[in-house]
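# Descriptive structure summary
Below, each chain spelled out in residue letters.
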Amino acid sequence: MQRSGFMPIIELRDVKKDYLLGKVTVPAVKGVSFAIERGDFVSIAGPSGSGKTTILNMIGLIDIPTSGEVIIEGKSTTGLSDRELTRFRHEVLGFIFQSFNLIPVLNVWENIEFPLLLGKTRVPRNEWKDWIDFLIGEVGLGDWKDHKPNELSGGQRQRVAIARALVTKPSIVLADEPTANLDSATGEQIIDLMKKINREIETTFIFSTHDAKIVSIADHIIRLRDGLVIENRRSGEDTNGASLEE
Amino acid sequence: MNMAVIFRMAFRNIREHASKSLIVGTLLALGAMILVTGIAFINASEAGIRATFSDVYTGDVFISGISTEGPVSLFGVTSPGGLAATPTIPEYPKVLEIVRSMPHIAGHSSLATGFGTIVRGDEAPPPGAKKSSVKPQDRFLFLFGIDPATYWNLFSEVEVIEGDRLKPGVQGLMISQTQLRNFSDWLGRPLGIGDRILVQGFSSFGMRLRELPIVGIYRLKEQGTAPEQMAYIDIESLRVMSGMTIGANEAITLRPEETQMLSMDNADALFEEDVVVQQSASGSIDVNAIAEAISKSAQPEVLKADEGAWQFIVAKTDSPRNAKRTIAALNAEFTRQGLAVTAGDWQKAAGPYGQSVDVVRIVFAAAIIILSIVAIIIIMNTFVISVIERTSEIGTMRAIGAGKGFIRGLFASEALTLSLVSASIGSVFGVILSAVLRAMRIEATNQFFLVLFGGRYMNPIVRPANIVFAIAAMVAVGFLAHLYPVTVALRIQPVRAMQEE
């Protein structure tokens, strides 16, 4: 639900996504519309096969809707070229993957630095060094920055992934089941860390999960089932959008 | 994108995927080693063949007349029918003067060549002599009609082991030991210095007989580069036998009835009644008279040799390095003076025999091309496997903002780094292998190895340019092999990053 006076940072308008499996067309998302506000901590929840990852992929511009429109920061992403999509992903979006997806040959510091090296704009090295060191400090890996991903625990790897997602100072960070490959205690720590950063630097976080405990931390919950939104509410609102405090 | 970062990642990826890198690297290193060693053999072959040909009979510079029938070498004109006459050098004194005026010419000699075969005269094989096993080609002679006054100074590699060298004004033949053995066998009598043998010369002007004494038996210091049938002959005899005689190619005036016979398009008409053929009074063919006439045809007074006729001038330069420059200068001068003469190098002089270097080179190039194609396919497949294994990694890079150019650059730098390192290592091994082979002094056991080694011993010569070439070629192979895998990598969509590894 959209609050009055707020400009949505992301808006989905009747987005559908079909996959072709052999000769059969399988609808993964069947016409979804919602808006997300800047600085929100958003959970896309639902069981497996509900379309969480597909929606996240379309918001992350790594998958294209079969129909409908994805609008990010007021700009329609329909019809953008591969080059424009790449630039958009680099400048506006950050990704946290379920399997961490760190570059195996780079150490912690280099993995975090990596997205900066892909940019066209030249930033003085000292400036970005301080920023990377700050992020490493934020995710608590100050003593691990020279280590390779295979020398880290799952939780540590996901912390690196969070820092990497934030390094280009994106307005949106997308996390696909960021706690799925972690034990529950580590998962909670990761969500707490994301929430902390969300508060501190006001980055919009959108994460998919099927863990009810994590869902409850979100400011905005979008619940899916069978490719359709069955619940779209802000924390403290009921399913109809009315404030629970009222 | 910082290229240093791409190369750093490329280098680490090579290390990370050690087994695949090892397969690709070994292939590339092996390729470089084969290239370095192979080219070292070609160098040796080329240098050895050039030196031996040049020292034995071609010189560094070869001057001949021009034939419209085909290229001219010391072995005549290579023409489709094989019957074209070897042209003599027109305006020989003028050409000789030009040759002498060249600053780098250290020595020169004029010569003419022809073909002949040993024949029996009226001598019959001794009674009870067993039939000779000598084949017709072993009686064949490449006759080098030389100017002894200058020739032996130019070609000191010809060693006389019995008798004497041909001297100015002396008629005769200098043959090899093999020829002496074959001719003795075929004639059924032992031959030696001073013995006379009947040589039948043949050319486009017909056949001529000449009886000549054997004046010397020779041996080449470096065997295997000159044809085994080579024999030296005095120029006068050669000119007669090769038809280089005054009037040999003059126009023949036919009587009217002869012209009429030639114009008959029906051969049967020759036997019609109105064609009158005069017979001798006796009505029989005088065989003795024909034999006498043939015998007389071999006499110099019957067919006067054209004393000024030379087919070739061979020359040596003060350094082989100056040969090319001198040839160019000579050709420029010949053109300027409007002379139908051309200068070429030792390979042109040696004709079909000099092409052995090209044959070695072509065979080697073909082998390298086949090896390269095989290597490219193996390397390509290995790279494709690597790309498939790294699908998620590539998808992740694409998802977090890496453009296609970055992915292309990453794989290109991996291929180039691996190729460069492997080819460099392979080249070092190639240099070591060449040095070891050189130190082993392996001796050539047959004609093929003589050509391949460029001399009696295996002596591969490695030059810096060859190492650079080998490395560049292997880098090119590596680069070509990575092109298809890169297209596979570029087809990986960013969404693949989301899929579980």
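Within any chain, residue numbers begin from 1 and follow the written order of that chain's sequence. Chain letters and ligand numbers both follow the written order, the letters beginning at A and the numbers at 1. Reporting in this predicted model follows two pLDDT cut-offs: at least 70 for local features of residues, and 80 or more for side-chain atom pairs to be given and counted; totals over whole chains, interfaces and linings ignore these cut-offs and use all residues. Excluding hydrogens and water, the side-chain values take into account all heavy atoms of the structure.

### Remarks on the overall build of chain B
- When you go through chain B residue by residue, the secondary structure sums to 15 helices and 12 strands.
- Burial classes follow relative accessibility: with a 1.4 Å probe on protein chains only, a residue under 20% of its type's maximum area counts as buried, one over 50% as exposed, and anything between as partly exposed. Within chain B, the fraction of its 501 residues that count as buried is 48%.
- The criterion used for residue contact is that any of the two residues' heavy atoms lie within 4.5 Å. Here the contacts in chain B between residues at least 6 apart in sequence split such that 79% fall between residues at least 24 apart.
- Exposure was quantified through the Shrake-Rupley algorithm and a 1.4 Å probe, taking into account, for residues, occlusion by the shown protein chains and nothing else. For chain B, the exposed surface amounts to about 24900 Å²; the carbon and sulfur share of it is 60%. Secondary structure elements are taken from DSSP: a helix is a run of H or I of four residues or more, a strand is a run of E of two residues or more, and numbering for both begins at the N terminus.

### Thoughts on the pairing of strand E12 (residues 341-344) of chain B
Residues and elements named next belong to chain B.
- Of the two faces of E12, the one lined by Val 341 and Ala 343 and the one lined by Thr 342 and Gly 344 are each fully buried.
- For two strands to be treated as a pair, DSSP must find at least two bridges joining them. In this structure, strand E1 (residues 61-65) lies alongside E12, joined through 4 bridges in antiparallel fashion. Bridging from a neighbouring strand, Phe 62 pairs with Gly 344 of E12.

### Thoughts on the confidence of the model for chain B
Residue and element names in this part refer to chain B.
- Summary statistics for chain B give a mean pLDDT of 83 and a share of 83% for residues scoring 70 or more.
- Each residue gets a pLDDT score, which is the predictor's confidence in that residue and runs from 0 to 100. Note on residues 294-303: pLDDT under 50 across the span, and 11 contacts to partners over four residues away in sequence or across chains.
- Scoring of the predicted complex yields 0.68 for pTM and 0.87 for ipTM.

### Focus on a nonpolar patch on the surface
- Note on patches: the residues involved have over 30% relative accessible area and no salt bridge, like charges join within 9 Å, and the nonpolar side chains Val, Leu, Ile, Met, Phe, Trp and Tyr join within 5 Å. Counted as salt bridges are all cases of a side-chain nitrogen of Lys or Arg within 4 Å of a carboxyl oxygen of Asp or Glu. On the surface, Val 421, Ile 425, Val 428, Phe 429, Ile 432, Val 436 and Met 440 of chain B cluster together into a nonpolar patch covering about 630 Å² of accessible area.
- Its place among the elements puts Phe 429 of chain B in helix H13 (residues 404-440).

### Section: the pairing of strand E11 (residues 312-317) of chain B
Residues and elements named next belong to chain B.
- Among the 6 residues of E11, 6 are classified as buried, and the element is accordingly described as predominantly covered.
- Residue alternation in E11 divides its side chains into two sets, Phe 312, Val 314 and Lys 316 and Ile 313, Ala 315 and Thr 317, and both sets are buried.
- Alignment of E1 against E11, held across 4 bridges, turns out to be antiparallel. Considered in E11, the bridge of Ile 63 is made with Ile 313.
- Bridge count between strand E4 (residues 105-119) and E11: 6 bridges; the pairing is antiparallel. For Gly 107, the partnering residue across the bridge sits in E11 and is Lys 316.

### What to know about the environment of Leu 12 of chain A
Residue and element names in this part refer to chain A.
- Following the sequence through the fold, Leu 12 ends up in strand E1 (residues 8-21).
- For Leu 12, a relative accessible area of 1% corresponds to the buried category.
- Separated by 58 residues in the primary sequence, Leu 12 and Val 70 have C-alpha atoms spaced 4.8 Å apart.
- Residues in contact with Leu 12, not counting those within four places in the same chain, are Val 32, Ser 33, Phe 34, Ile 55, Ile 59, Glu 69 and Val 70.

### Some remarks on the pattern of salt bridges
Residues and elements named next belong to chain A.
- Scanning all chains against the criterion turns up 26 salt bridges over all chains.
- The salt bridge involving Arg 13 is made with Glu 69; its shortest N-O contact spans 3.7 Å. Of the two residues, Arg 13 sits in strand E1 while Glu 69 sits in strand E4 (residues 67-72), which places them 56 residues apart along the sequence.

### Some thoughts on the interface of chain A and chain B
- Taken residue by residue, the interface counts 28 residues in chain A and 25 residues in chain B.
- For the pairing of chain A and chain B, the buried interface totals around 2500 Å² over both sides, and the portion due to carbon and sulfur atoms is 60%.
- Across the contact surface, chain A and chain B share 3 salt bridges.
- Between Arg 398 of chain B and Asp 82 of chain A there is a salt bridge, with the nearest N and O atoms lying 3.0 Å from each other.
- Counting only elements with at least two residues in the side of chain A that touches chain B, the list comes to helix H2 (82-92) and helix H3 (108-117) of chain A.
- The element that contributes the greatest number of residues to the side of chain A that touches chain B is H3 of chain A, accounting for 5 residues.
- Here the residues of the side of chain A that touches chain B sort into 11 nonpolar, 8 polar and 9 charged. Two parts lose some accessible area (1.4 Å probe) when they are put together, and adding that loss for both gives the buried area. Residue type decides the class: Asp, Glu, Lys and Arg count as charged, Ala, Val, Leu, Ile, Met, Phe, Trp, Tyr, Cys and Pro as nonpolar, and the leftover types, Gly among them, as polar.

### With respect to the nonpolar core
- By size, the foremost hydrophobic cluster in this structure holds 95 residues, and its most contacted members are Ile 55, Met 194 and Ile 206 of chain A together with Phe 406 of chain B.
- Excluding residues within four positions of it along the chain, Met 194 of chain A makes contact with Phe 41, Ile 96, Ile 162, Ala 175, Pro 178, Phe 205 and Phe 207 of chain A.
- In these notes, a set of buried Ala, Val, Leu, Ile, Met, Phe, Trp, Tyr and Cys residues joined through side-chain atoms within 4.5 Å is what counts as a nonpolar core. Grouped together as the second largest cluster of nonpolar side chains are 64 residues, Val 77, Ala 84, Ile 368 and Ile 376 of chain B included.

### Some words on the confidence of the model for chain A
Residues and elements named next belong to chain A.
- Of the residues in chain A, 92% have a pLDDT of 70 or more, and the chain-wide mean is 87.
- Ranking the helices and strands of chain A by mean pLDDT puts E4 first, with 95, and helix H7 (residues 212-215) last, with 81.
- A low-confidence stretch, residues 242-246 (pLDDT under 50), is modelled with 8 contacts involving residues beyond four sequence positions or located in other chains.

### Looking at the sheet that holds strand E8 (residues 204-209) of chain A
All names here are of chain A.
- Strand order in the open sheet formed by 6 strands is E6-E7-E8-E3-E9-E10, and the pairing between neighbours is mixed. Both edges of this open sheet fall to strand E6 (93-96) and strand E10 (228-234), since each of them pairs with a single strand only. Going from strand to strand, the sheet's axes swing by 15° on average, the running direction of each strand aside.
- Of the strand pairs in this sheet, strand E3 (residues 41-45) and E8 are connected by 5 bridges, and their pairing is parallel. What sits directly across from Ala 45, in E8, is Thr 209. Between the N-to-C directions of two axes lies an angle of 0 to 180 degrees, each axis being a line fitted to C-alpha atoms and, for a helix, fitted only over the stretch in contact.

### Overview of the packing of helix H2 (residues 18-58) of chain B against helix H11 (residues 356-389) of chain B
- At a minimum axis distance of 10 Å, the contact between H2 of chain B and H11 of chain B shows a crossing angle of 170°. Viewed along their axes, H2 of chain B and H11 of chain B adopt a mutual orientation that is roughly antiparallel. By definition in this entry, angles of less than 35 degrees are roughly parallel, angles greater than 145 are roughly antiparallel, angles of 65 to 115 are roughly perpendicular, and the rest are oblique.

### Things to note about helix H4 (residues 125-138) of chain A
Residues and elements named next belong to chain A.
- By this rule the span expected of a helix is its residue count minus one, scaled by 1.5 Å. The end-to-end C-alpha distance of H4, which contains 14 residues, comes to 20 Å, matching closely the 20 Å that a straight helix rising 1.5 Å per residue would cover.
- Where H4 is concerned, the buried positions are Trp 128, Trp 131, Ile 132, Leu 135, Ile 136 and Glu 138. The buried residues of H4 occupy an angular sector of 155° when projected down its axis, which confines them to one face. More than 90 degrees from the buried face of H4, the exposed residues found are Asn 126 and Asp 130.
- Following H4 by one or two positions, Gly 140 adopts a phi angle in the positive range, close to 75°. Starting at the helix axis, one direction is taken to each C-beta atom, and the arc is that of these directions.

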